[in-house]
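# A look at the structure
One letter stands for each residue in the lines below.
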Amino acid sequence: MEVKTSLLDNMIGVGDMVLLEPLNEDSFLENLRNRFDHNEIYTYIGSVVISVNPYRSLPIYTPDKVEEYRNRNFYELSPHIYALADEAYRSLRDQDKDQCILITGESGAGKTEASKLVMSYVAAVCGKGQEVNKVKEQLLQSNPVLEAFGNAKTVRNDNSSRFGKYMDIEFDFKGDPLGGVISNYLLEKSRVVKQPRGERNFHVFYQLLSGASDDTLKKLKLDRDFSKYNYLSLDSAVVNGLDDATNFRTVRNAMQIVGFMEAEVQSVLELVAAVLKLGNIEFKPESRCNGTDESRIKDKNDLKEMCELLGVEQSVLERAFSYRTVEAKMEKVSTTLNVAQAYYARDALAKNLYSRLFSWLVTRINESIKAQTKTRHKVMGVLDIYGFEIFEDNSFEQFIINYCNEKLQQIFIELTLREEQEEYVREGIEWTNIEYFNNAIICDLIENNQNGILAMLDEECLRPGTVTDETFLDKLNTICAEHQHFESRLSKNSKFLNDHSLPHNCFRIQHYAGKVLYRAEGFVDKNNDLLYRDLSQAMYKATHSLIKQLFPEGNPAKVNLKRPPTAGFQFKASVGTLMKNLQTKNPNYIRCVKPNDKKASHIFTESLVRHQVRYLGLMENVRVRRAGYAFRQIYEPCLERYKMLCKRTWPHWRGPAREGVEVLMADLPVPAEEFSFGRSKIFIRNPRTLFFLEERRRQCLQDLATLIQKIYRGWKCRSQFLLLKKSQIVVAAWYRRYAQQKKYQRIKSATTVVQSYTRGWQARKLLRELKYQKRCEEAVTTISAYWHGTQVRREYRKFFRANAGKKIYDFIIQRIMQKYFLGLKSTVPSMSPIDENWPARPYLFLDGVHTELRRMFHLWRCKKYRSQFTEEKKAVYEEKLEASEIFKDKKALYPSSVSQPFKGDYLEISKNPKYQKLNSAVDEKVLLADVVNKINRANGKGTARIFLLTKKSVVLADQKTGQVKASVPLPDLTSVSVSTQSDGFFALRLKEGSASAVKGDFLFSSEHLIEIITKLHRFGATAADREQLNVDISDEFLVQFKQDKVCVKFVQGAPKNGNSVSCKRKNNRLLEVSVPTTA
Ligand SMILES: Nc1ncnc2c1ncn2[C@@H]1O[C@H](COP(=O)(O)OP(=O)(O)OP(=O)(O)O)[C@@H](O)[C@H]1O
Ligand SMILES: [Mg+2]
């Protein structure tokens, strides 16, 4: 929740002078001092801010403070310049009212600082963004540049503004700054050539000499030593707390930010250097033959350097310092200048050069900071103008400055009254006339077009004939004698004849802020502000572009014989414009007060402040503000602040705030004439009423505080008690729970024990009973079984004897057979015909059945096996079967042949190209083709021969050539002889007398003996159409070799060469084949 505060909270003295009781000058000063002593440098008079210069930095301008005052109502917080800046900015942004901030006060009172604080506050709270920030930065950075060229150290202020400044900051509809326009007023240019004791020239000269690099100084033909320059006073060249060198860098940087080109900066510095050089030009008199004195330049070095800097021809300038040409009615008259006139000309040139440079700077800055858009802008003007000046010796400048302040005072009165009046009208309150001093009469004395002082001064300046300051004073004495604010010894007003405080060459004006004595000397000259045409023309001839620009009247093509407007006239015009401008805006006032003359903190010189309070018209300001009603406040905050004073409005008023305030005021013992109800505000006539309200509020707050404290304490104790109670319940509950849990656990375990014992006992008892019952049941069953058995046996005994034996036998046999077959089903062996397994016979009497079943099963599975065969496979097996019939158990070689398949054609003669010829010689299908050894009977050795068997014949051919050696038709074959051994010998026995038998029988040995013999046996029979071909199996047989019969005998014995069969001829009639012993 936002805490609503008020200016009235924690006030030191009173924050608003309107509330001062009693109101008089002493109480006013005492309040200011009191607040100043407590570092409260700001005090309000209504919406006007009085600012007392603290002369030290206070921690009240921090970003936090900016945030604190941002968007807060004016009277919400203690008085601050930020409150005023915020109010002005918000009415500009939100209500579209152009604002002006008028900062007044005497030199050193803090006007410039205040203007910078306002600008920096506005910069901090307004919009952000790259472009906006650039504008802000340029606006802020224009200050150091103008301060360097327009400020100087004076006895009153180390950084005194020697020009008036009015800056319009322009904003768009969102409140973002767009740019600005600066107007400058009357630079105190006399300072360029002469400074009062203890004061300095403008800062820029010292900054340039201290801060510029050696190189820059060399280019500008300058020396770092201040004492080398006549225009620089030496007595306070160095100022405590002012670092000229650093400031020079700051200024250069600021110029860059503002947008000055490097060449422009250089030109500006050249002009500054030229002014310094100009000051060093000195003149000496030279007598002429006509007896008059003529001036001559003493040392031309400085003139030369200056001319080089500005690009002016030396001779032209030299001449301009010696002669003056006056043009009148097409006539040119040249007169020589004496030394004094030459110095006058030199100083006039320096002053003009500098002041025009300053004006150019302002124009140049304006060019940079001017708003880019052409849309309508909202404007906030900040006026930092020289304050009222009363010196011992007051001259034309003070007159002009004080005139400006008079005008400001007038506008202040006008606007304040107007605002006051407008507020009354706005609020519907009756307007009561306010008595106040209107300084219009003084303004009229000065600016009246017919007989005003300025008009008369101009008249004097323009009048032909000798014009001096005395003639001017005489004129004043005649014309203004009767004016009640004009005082002069020689006036026709006899009142002042004996006034010794009024010297003869002076006149005195009773300004609104006090009487000021002006010395007439210099008025005419300064008003004329004469620069000899020769000099302006010399400057125009310069090659330096900036100089040329600054002296346009030097252009011979535009010679203007009319006198230029006087300084007074110009100033009056610009002040007039300014006033018009200000009148269109909503004014906000900051009235700066200087607490002491020593620039010291913590010192409050009452006389000095009293003087300022008087001439600033602050008391009048308060009176005007209080004339009707001293205090006013919007209904809502007023009700919020005082609602506790009435039971009906406390703590909440549900209705319009105005009615709430009316109820509240009616309830209070305050006379009805003490307040009035406006449309949005309540107006309180006397501060004492407000203080009464405040006091009641304070008491009420105390009571309320006590009440709140009481209620709070009660509430706190009660809450604590309730909390304790609640805690106690929780603790008790937990404890009870815990205790009950424990108890329960104990009971539960005891119960479990008891229960287990009981259950055990019951179970045992039950078990015993059950056991007993079971035994009884068994006994009964047994008894009944026996009894039934006895009964049945007794009953059936007669039938049983006759049939029971056979029936039982049948039954048992049946059961046994059933069991046997079912058992066989699960133990039946595999379907492989060579599986020898067969379950064992269970009962002896089943022997026959068992063997028969085995045979049947074997046959059946063989049948199954055979049924899978293809025709070729079947033929192969038939051959195998035949082989088995022939050889099984007859020849030892047989078993090893069983597993070897009968391939038939081992040579693949049809595919092998080597046997192509042989193949074609045999016209039948080859049933067997193999290489065999034909045994030679002479030595028993074998010769390899191809053995071919077809359906019709046996063909023998050479193994290498395939040439047919012999062909035996199968019918010629009578028998085949083989041994019983495991050898591969066989003899083909041929039919005696057949063609094949001529050469005798054949004896071969082959690795595929079984296959060859089987095939021969098979096809030999078919071919010869006989039953079968004989196969003799014996270890001794006869073989017919041609005419001889040779016995082939097979013996078992250890072979001599390995494991192979060997054949040896033993004699003519015997061939012995030794076969390895079979294991
Ligand atoms: N609010 C402030 N806080 C701290 N110091 C301040 C404040 N205001 C002014 N000063 C000090 O007072 C000096 C003079 O202030 P400033 O230059 O603003 O006076 P001025 O009214 O502009 O005078 P002049 O009319 O001569 O230009 C400043 O240089 C600064 O040291
Ligand atoms: Mg200033």
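Here is a short report on the structure shown in this document. Because the structure is predicted, anything quoted here is derived from the model rather than measured.

The rules we used
Residues numbered from 1 in each chain as written. Chains lettered and ligands numbered in written order. Predicted model: local features only at pLDDT ≥ 70, side-chain atom pairs only at ≥ 80, totals over all residues. Heavy atoms only, no water. Helix = DSSP H or I, 4+ residues; strand = E, 2+ residues; numbered from the N terminus. Rg over C-alpha atoms; globule rule 2.2 N^0.38 Å. Buried < 20%, exposed > 50% of the residue type's maximum accessible area, 1.4 Å probe, protein only. Contact = heavy atoms within 4.5 Å. Phe/Tyr/Trp six-rings, centres within 6.5 Å; stacked < 30°, edge-to-face > 60°. Lys NZ or Arg CZ within 6 Å of the ring centre and 35° of its normal. Near = heavy atom within 4 Å. Polar contact = N/O pair within 3.5 Å; in protein donor to acceptor, adjacent residues only side chain to side chain. Areas by Shrake-Rupley, 256 points an atom, 1.4 Å probe, with all protein chains shown as cover. Nonpolar A, V, L, I, M, F, W, Y, C, P; charged D, E, K, R; others polar. Axes fitted to C-alpha atoms, helices over the stretch in contact; angles between N-to-C directions. Parallel < 35°, antiparallel > 145°, perpendicular 65-115°, else oblique. Left-handed = near helix turned anticlockwise from the far one by under 90°. Patch = residues over 30% accessible without salt bridge, like charges linked within 9 Å, V, L, I, M, F, W, Y side chains within 5 Å. Salt bridge = Lys/Arg side-chain N within 4 Å of Asp/Glu carboxyl O. Donors = N, O, S within 2.8 Å, 3.2 Å for Na, K, Ca; no water. Pairing = 2+ DSSP bridges. Expected span 1.5 Å × (residues − 1). Lys, Arg positive; Asp, Glu negative; His and termini not counted.

Further remarks concern the overall build of the protein. Across its full length, the protein carries 31 helices and 31 strands. In terms of overall dimensions, the protein is more spread out than a globule: its C-alpha atoms have a radius of gyration of 74 Å, far above the 31 Å expected for 1079 residues. Seen along its three principal axes, the alpha-carbon backbone of the protein occupies a region of about 205 × 110 × 45 Å. Taking all 1079 residues of the protein together, the buried fraction comes to 48%. The long-range fraction of contacts in the protein, counting pairs at least 24 apart against all pairs at least 6 apart in sequence, stands at 64%.

One pass over the full model with this rule turns up 41 aromatic pairs. For the ring pair Tyr 344 and Tyr 532, a centre distance of 6.1 Å and an interplane angle of 45° mean the geometry is tilted. Here the residue Tyr 344 occupies a position in helix α13 (residues 339–369), and Tyr 532 occupies one in the loop between α18 (523–528) and α19 (533–540), the gap between them amounting to 188 residues. The exposure class of Tyr 344 is partly exposed, given its relative accessible area of 28%. When the ring of Phe 869 is compared with that of Tyr 877, the centres are 4.6 Å apart and the planes differ by 20°; the resulting orientation is stacked. Aromatic rings pair up to connect Phe 396, Phe 399, Phe 472, Phe 486, Phe 507, Tyr 518 and Phe 523 into one cluster. Above the plane of the ring of Phe 260 lies Arg 364, whose end atom (NZ or CZ) is 5.1 Å from the centre.

The amide bond that connects Glu 21 to the next residue, Pro 22, takes the cis arrangement and shows omega of -5°. Across the junction of Trp 650 and Pro 651, the peptide omega takes the value 0°, indicating a cis bond. Considering the arrangement of structural elements, one finds Pro 651 in the loop between α24 (635–642) and α25 (657–667). The residue Lys 599 is not glycine, and still its phi comes out positive at about 55°. Along the chain, the position of Lys 599 falls in the loop between β16 (586–593) and α22 (606–615).

Turning next to the site of ligand 1. Around ligand 1, a shell composed of 17 residues is seen, among which Ser 107, Lys 111, Thr 112, Ser 160 and Ser 161 lie nearest. In this structure, Gly 108 approaches ligand 1 through a main-chain N or O atom, which is 2.7 Å from an oxygen atom. Residue Ser 161 places a main-chain N or O atom 2.6 Å away from an oxygen atom belonging to ligand 1. About the coverage of ligand 1: the protein hides 86% of its 630 Å² of free accessible area. Here the residues of the shell around ligand 1 sort into 4 nonpolar, 9 polar and 4 charged.

Turning our attention to the packing of helix α10 (residues 262–279) against α13. The contact between α10 and α13 brings their axes to 9 Å, and the two run at 160°. Judged on the interaxial angle alone, α13 and α10 are roughly antiparallel. When you trace α10 past α13, the crossing you get is left-handed. For the pair α10 and α13, contact is made by Glu 264, Val 268, Leu 271, Val 272, Ala 274, Val 275, Leu 278 and Gly 279 and by Arg 346, Leu 349, Ala 350, Leu 353, Leu 357, Trp 360, Leu 361 and Arg 364, respectively. Residue composition of the contact of α10 with α13, by class: 12 nonpolar, 1 polar and 3 charged.

A cluster of nonpolar side chains, contributed by Leu 707, Ile 708, Ile 711, Tyr 712 and Trp 715, occupies part of the molecular surface with about 540 Å² of accessible area. By secondary structure assignment, the location of Tyr 712 is in helix α26 (residues 687–827).

Right, let's talk about the coordination of the magnesium ion (ligand 2) for a bit. At 1.9 to 2.0 Å from the magnesium ion (ligand 2) lie its protein donor atoms, namely Thr 112 (OG1) and Ser 161 (OG). You can see Thr 112 sitting in helix α4 (residues 111–125) and its partner Ser 161 sitting in strand β5 (residues 160–161), a full 49 residues away along the chain. Side by side, Thr 112 and Ser 161 carry an identical accessibility label, which is buried.

Looking at the secondary structure, you find Asn 201 in the loop between α6 (190–193) and α7 (203–211). Here the side chain of Asn 201 touches Val 192 through a polar contact of 2.9 Å, landing on its backbone oxygen. Reaching out from Asn 201, the side chain makes a polar contact with the backbone oxygen of Tyr 231 at a distance of 3.0 Å. Ignoring sequence-local partners within four residues, the contact set of Asn 201 consists of Ala 152, Lys 153, Arg 191, Val 192, Gln 195, Tyr 206, Tyr 231 and Leu 232.

Now for the sheet that holds strand β18 (residues 675–677). Strands sit in the order β17-β19-β18 across an open sheet of 3 strands; the sheet is antiparallel. Only two strands of the sheet have a single neighbouring strand rather than two, namely β17 (631–634) and β18. The sheet shows a mean angle of 15° between the axes of neighbouring strands, direction not considered. In the sheet, β17 pairs with strand β19 (residues 681–684) via 4 bridges, with the strands oriented antiparallel. The residue bridging Arg 632 from the neighbouring strand is Phe 683, located in β19. Running over the sheet, α24 touches β17, β18 and β19 and is turned about 95° from β17. Contacts from α25 reach β18 and β19, with the element oriented near 155° to β18.

Turning our eyes to something else, we now look at the sheet that holds strand β27 (residues 1030–1033). Strand order in the open sheet made by the 8 strands is β23-β22-β21-β20-β26-β25-β24-β27, with mixed pairing throughout. Looking along the sheet, the strands with just one partner apiece sit at the ends: β23 (964–969) and β27. Across the sheet, the mean angle from the axis of one strand to that of its neighbour is 30°, orientation sign disregarded. By the bridge criterion, 4 bridges tie strand β25 (residues 985–990) to strand β26 (residues 1002–1005) in an arrangement that is antiparallel. For Ala 987, the partnering residue across the bridge sits in β26 and is Leu 1003.

As for its placement among the helices and strands, Arg 90 is situated in helix α3 (residues 81–95). Residues Arg 90 and Ser 727 lie 637 residues apart in sequence; the distance between their C-alpha atoms is 56 Å. Setting aside residues no more than four positions away along its own chain, Arg 90 makes contact with Asn 71, Arg 72, Asn 73 and Gln 95.

This brings us to α13. For α13, built from 31 residues, the straight-helix expectation of 45 Å at 1.5 Å per residue is met to within 8% by its first-to-last C-alpha distance of 45 Å. Counting buried positions along α13 gives 23 out of 31 residues, so the element sits mostly inside the fold. Measuring from the backbone nitrogen of Ala 340 back to the side-chain oxygen at the start of α13 gives 3.2 Å, which picks out Asn 338 as the cap.

The next point concerns the pattern of salt bridges. Taken as a whole, this structure holds 65 salt bridges when the rule is applied. Where Lys 585 meets Asp 168, a salt bridge forms, and the shortest distance between an N and an O atom there is 3.8 Å. Separated by 417 residues along the polypeptide, Lys 585 in the loop between α21 (567–583) and β16 and Asp 168 in strand β6 (residues 164–171) bring together distant segments of the chain. As far as the burial class goes, Lys 585 and Asp 168 line up, both buried. Its salt-bridge partner being Lys 774, residue Glu 778 comes within 4.0 Å of it at the nearest N-O pair. Of this pair, Glu 778 and Lys 774 both sit in helix α26, 4 residues apart, which is roughly one turn of the helix. According to the relative accessible area criterion, Glu 778 is partly exposed, its value standing at 43%. Residues joined by salt bridges that share partners form a network here, namely Glu 25, Asp 26, Arg 33, Glu 606, Arg 610 and Arg 614.

This next bit is on the side chain of Asp 972. With respect to the helices and strands, Asp 972 occurs in the loop between β23 and β24 (973–978). Buried charge without a salt bridge: Asp 972, with Lys 991 as the nearest opposite-charge side chain at an N-O distance of 5.1 Å. Those residues in contact with Asp 972 that sit more than four places away from it in its chain are Arg 989, Leu 990, Lys 991, Ser 994, Ala 995 and Ser 996.

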